[in-house]
Amino acid sequence: MRSAEPGRRALLNAGRQLLATENLSKLSVNAIAAEAKMAKGSFYQHWPSRESYILALHRTFHDELDDQVSKATADLSPGEERLTAGIAAYLDGCLAAPATKGLLVQARTDAGLATEVRARNTAAAALVAGNLAEMGWSDAEPVAVLLVAAIAETALLELDAQSARPDLRAALLRLARP
């Protein structure tokens with residue numbers, strides 16, 4: 001029996017390519033299948049609906065970002081150095097992915113992704129809070145929630161600029177210091 005993974009991966013890659021220039025709300029099954037050079041029926045062999053596909057696309061994108069952040073911070077103790085490395089890895093990963101804007105901005109307004117976005121932000125804030133606590137914050141959790149939002153906004157501003165914004169990255173770290 002042949003693995004379904006190559007087809008699934010091709011469809012996910014097609015969606016990411018399309019999101020580089022297309023609005024998430026306009027991402028159709030027909031366009032995804034055409035971009036992947038597959039029949040529309042192949043799409044439905046992997047996902048029961050467009051909504052389940054969008055969720056898989058969002059999860060895949062963020063899982064890859066999480067892996068990049070984990071690799072960049074694996075050997076670092078909690079604190080400022082680890083926070084700095086994690087922020088840089090996240091922002092660099094966002095800047096390198098053409099689908100970032102669609103999966104960050106537009107995902108905020110997609111009702112089907114709201115639960116997923118909240119869960120991702122909560123998990124990111126928990127990681128950030130550990131670093132902030134080591135840096136001296138007594139109320140690290142609410143600060144972490146705000147910092148995660150500022151990091152996501154920085155990612156979008158960098159995408160608009162099509163390059164890293166060292167001024168904003170430095171400001172994020174200033175905000176993180178108690």
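For every chain, the first residue of its written sequence is number 1, and the numbers climb from 1 along that sequence. Residue-level local features of this predicted model are given only where pLDDT is at least 70; pairs of side-chain atoms are given and counted only at 80 or more, and the full residue set underlies all totals for whole chains, interfaces and linings. The side-chain quantities take in all heavy atoms of the structure and omit both hydrogens and water.

Draft legend 1. Expanded view of the layout of surface pockets. Taken as a whole, the largest pocket encloses approximately 710 Å³ of empty space. Using only the protein atoms, space was sampled on a 1 Å grid; points where a 1.4 Å probe fits but cannot get out form cavities, open sets with protein on both sides within 12 Å along at least five of seven lines form pockets, and lining residues are those with an atom within 4 Å of a point. What lines the largest pocket is a set of 27 residues, and nearest its centre among them are Asp66, Tyr90, Arg120, Ala124 and Val148. Strands here mean DSSP runs of E at least two residues long; helices mean DSSP runs of H or I at least four residues long; both are numbered from the N terminus. For the lining of the largest pocket, the elements supplying multiple residues, two or more each, are helix H4 (50-73), helix H5 (80-96), helix H6 (100-104), helix H7 (114-134) and helix H8 (140-161). It is H7 that provides the largest number of residues to the lining of the largest pocket, a total of eight residues. Only Asp, Glu, Lys and Arg are considered charged, only Ala, Val, Leu, Ile, Met, Phe, Trp, Tyr, Cys and Pro nonpolar, and every remaining residue, Gly among them, polar. Of the residues that constitute the lining of the largest pocket, the class distribution is 16 nonpolar, seven polar and four charged. Grid points are joined across faces, edges and corners, and a volume is the space filled by probe spheres set on the points.

Draft legend 2. Up close: the side chain of Asn131. For Asn131, the position within the fold is in helix H7. Relative accessibility decides the category of a residue: with a 1.4 Å probe and only protein chains considered, values under 20% of the type maximum give buried, values over 50% give exposed, and everything between is partly exposed. Using a relative accessible area of 8% as the deciding quantity, one classes Asn131 as buried. Of note is the side chain of Asn131, whose polar atom sits 3.0 Å from the backbone nitrogen of Gly79. Setting aside residues no more than four positions away along its own chain, Asn131 makes contact with Pro78, Gly79, Arg82 and Leu83. Throughout this description, a polar contact denotes any pair of N or O atoms lying within 3.5 Å of each other; where both atoms belong to protein, one of them has to be capable of donating a hydrogen while the other can accept it, and for residues adjacent in sequence the pair is counted only when both atoms sit in side chains. For this analysis, residues touch if any pair of their heavy atoms sits within 4.5 Å.

Draft legend 3. Quick look at the nonpolar core. Residues grouped as a nonpolar core are buried Ala, Val, Leu, Ile, Met, Phe, Trp, Tyr and Cys residues, joined through side-chain atoms within 4.5 Å. Membership of the largest hydrophobic core comes to 49 residues, with the highest contact counts inside it found for Leu27, Ile32, Tyr53, Leu83, Tyr90, Leu132 and Leu147. Put simply, the parts of the chain that give this core at least two residues each are helix H1 (5-19), helix H2 (29-35), H4, H5, H6, H7, H8 and helix H9 (166-176). With nine residues, H8 is the single largest residue contributor to this core. With sequence-adjacent residues up to four places away left out, Leu132 is seen in contact with Leu83, Trp137, Ala140, Val143, Ala144, Leu147 and Ala176.

Draft legend 4. Quick look at unusual backbone geometry. Positive phi values are uncommon outside glycine, yet Lys37 reaches one of about 60°. Turning to its location among the elements, Lys37 is positioned in the loop between H2 and helix H3 (40-46).

Draft legend 5. Quick peek at the environment of Thr21. Assignment of secondary structure puts Thr21 in the loop between H1 and H2. Linking Thr21 and Pro98, residues 77 residues apart in sequence, is a C-alpha distance of 8.3 Å.

Draft legend 6. Highlighting H7. Across its 21 residues, H7 extends 30 Å between first and last C-alpha, which sits within 8% of the 30 Å expected from 1.5 Å per residue. Along H7, the residues that are buried comprise Glu116, Val117, Arg120, Ala125, Val128, Ala129, Asn131 and Leu132. Remark: Gly136 follows H7 within two positions and exhibits a positive phi of approximately 110°. One less than the number of residues in a helix, times 1.5 Å, gives the span that helix is expected to have.

Draft legend 7. Focus on the packing of aromatic side chains. Each aromatic pair joins two rings of Phe, Tyr and Trp (for Trp, the six-membered one) with centres within 6.5 Å, and gets the label stacked for planes under 30 degrees apart, edge-to-face for over 60, and tilted for any other angle. One pass over the structure, following the stated rule, counts four aromatic pairs. Plain terms: the ring middles of Phe43 and Tyr44 are 5.1 Å apart, the flat faces sit at 80° to each other, and that makes the pair edge-to-face. By relative accessible area, which is 42% here, Tyr44 ends up partly exposed. Relative to Tyr53, the ring of Trp47 lies with its centre 4.9 Å away and its plane at 80°, an arrangement referred to as edge-to-face. Across this residue pair, the class does not change: Trp47 and Tyr53 are buried.

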